[in-house]
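Understanding the architecture of this molecule
Each chain, written out:
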Amino acid sequence: MTRKQRRLTLIAAALAVLGVALGLVLFAMRDNIVFFYSPTDLEAKAVTPGTRLRLGGLVAEGSVEKGEGQNVTFAVTDTNRSITVRYTGLLPDLFREGQGVVTEGVLESAGLFRADSVLAKHDENYMPREVADSLKEQGLWQHGGKTDAQGGGATAASE
């Protein structure tokens, strides 16, 4: 083998090893490359308790219950399904019922989600794109007091 052939063989082997490593990483993360799951997604994918993930949706109307200290319980819904979230800490200033939220934490048994952090929308038009798309599919997207069926359709604002 000449020096040039040896070098090309070494480069080809390194690229093959790198490709296999990348393939294995992507295969291992195939279900985790999602910004968040909606309550309907959690049920459809049968996520096992103890799994760490992000849960997104709307804070259900009338569901916020403040307990002792900084304990808060509320429901996150995608208008199809709801899941109860338990959180200990300070809520963002923009957190309120009927608004978009993304929580990060651990799914516990019996449909309970224990959140470590809560992220609320950042302005009047923001809603996570996946939540807005889900609401549009169901004809429940509200913008300016009208649903899509009433001519009030709009797209989710991007950051």
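Residues numbered from 1 in each chain as written. Predicted model: local features only at pLDDT ≥ 70, side-chain atom pairs only at ≥ 80, totals over all residues. Heavy atoms only, no water.

With respect to the nonpolar core
If you look at the biggest cluster of nonpolar residues, it comprises 19 residues, and the most contacted ones within it are Leu42, Phe74 and Phe113. Sorting the residues of this core by element identifies strand 1 (52-59), strand 3 (71-77), strand 4 (82-88), strand 5 (100-108) and strand 6 (112-120) as the ones contributing at least two each. If we ignore the near neighbours within four places in the chain, the residues touching Phe113 are Leu53, Leu55, Ile83, Thr84, Val85, Arg86, Thr103, Glu104, Gly105, Val106 and Leu107. If you look at the next biggest cluster of nonpolar residues, it comprises five residues, including Phe36, Val102, Val131 and Leu135. (Core = buried A, V, L, I, M, F, W, Y, C linked by side-chain atoms within 4.5 Å. Buried < 20%, exposed > 50% of the residue type's maximum accessible area, 1.4 Å probe, protein only. Helix = DSSP H or I, 4+ residues; strand = E, 2+ residues; numbered from the N terminus. Contact = heavy atoms within 4.5 Å.)

What about helix 3 (residues 129-137)?
Restricting attention to buried positions, one finds in helix 3 the residues Val131, Ala132, Ser134 and Leu135. The arc enclosing the buried residues of helix 3, seen along the axis, measures out at 160°, which places them on a common side. Considering only its buried residues, helix 3 is in contact with strand 1. Looking at the residues trailing helix 3, positive phi occurs at Gly139, about 75°. (Arc of directions from axis to C-beta.)

With respect to the side chain of Ser38
Examined against the element boundaries, Ser38 turns out to sit in the loop between helix 1 (3-28) and helix 2 (39-45). On the basis of relative accessibility, which here comes to 12%, the residue Ser38 falls in the buried class. At 3.3 Å, the side chain of Ser38 and the side chain of Asp78 are in polar contact. Setting aside its immediate chain neighbours within four residues, Ser38 contacts Leu55, Gly56 and Asp78. (Polar contact = N/O pair within 3.5 Å; in protein donor to acceptor, adjacent residues only side chain to side chain.)

Remarks on helix 1
Between the first and last C-alpha of helix 1 there are 38 Å, a value that for 26 residues agrees with the 38 Å anticipated at 1.5 Å per step. With zero of 26 residues buried, helix 1 lies mostly on the surface of the structure. (Expected span 1.5 Å × (residues − 1).)

Digging into unusual backbone geometry
Its identity is not glycine, yet Thr79 carries a phi of approximately 70°, on the positive side. For Thr79, the location among the structural elements is in the loop between strand 3 and strand 4.

Concerning a nonpolar patch on the surface
Side chains of Ile11, Leu15 and Leu18 sit close together on the surface and give an oily, nonpolar patch of about 310 Å² of accessible area. Locating Ile11 in the fold gives a position in helix 1. For Ile11, a relative accessible area of 45% gives the class partly exposed. (Patch = residues over 30% accessible without salt bridge, like charges linked within 9 Å, V, L, I, M, F, W, Y side chains within 5 Å. Areas by Shrake-Rupley, 256 points an atom, 1.4 Å probe, with all protein chains shown as cover. Salt bridge = Lys/Arg side-chain N within 4 Å of Asp/Glu carboxyl O.)

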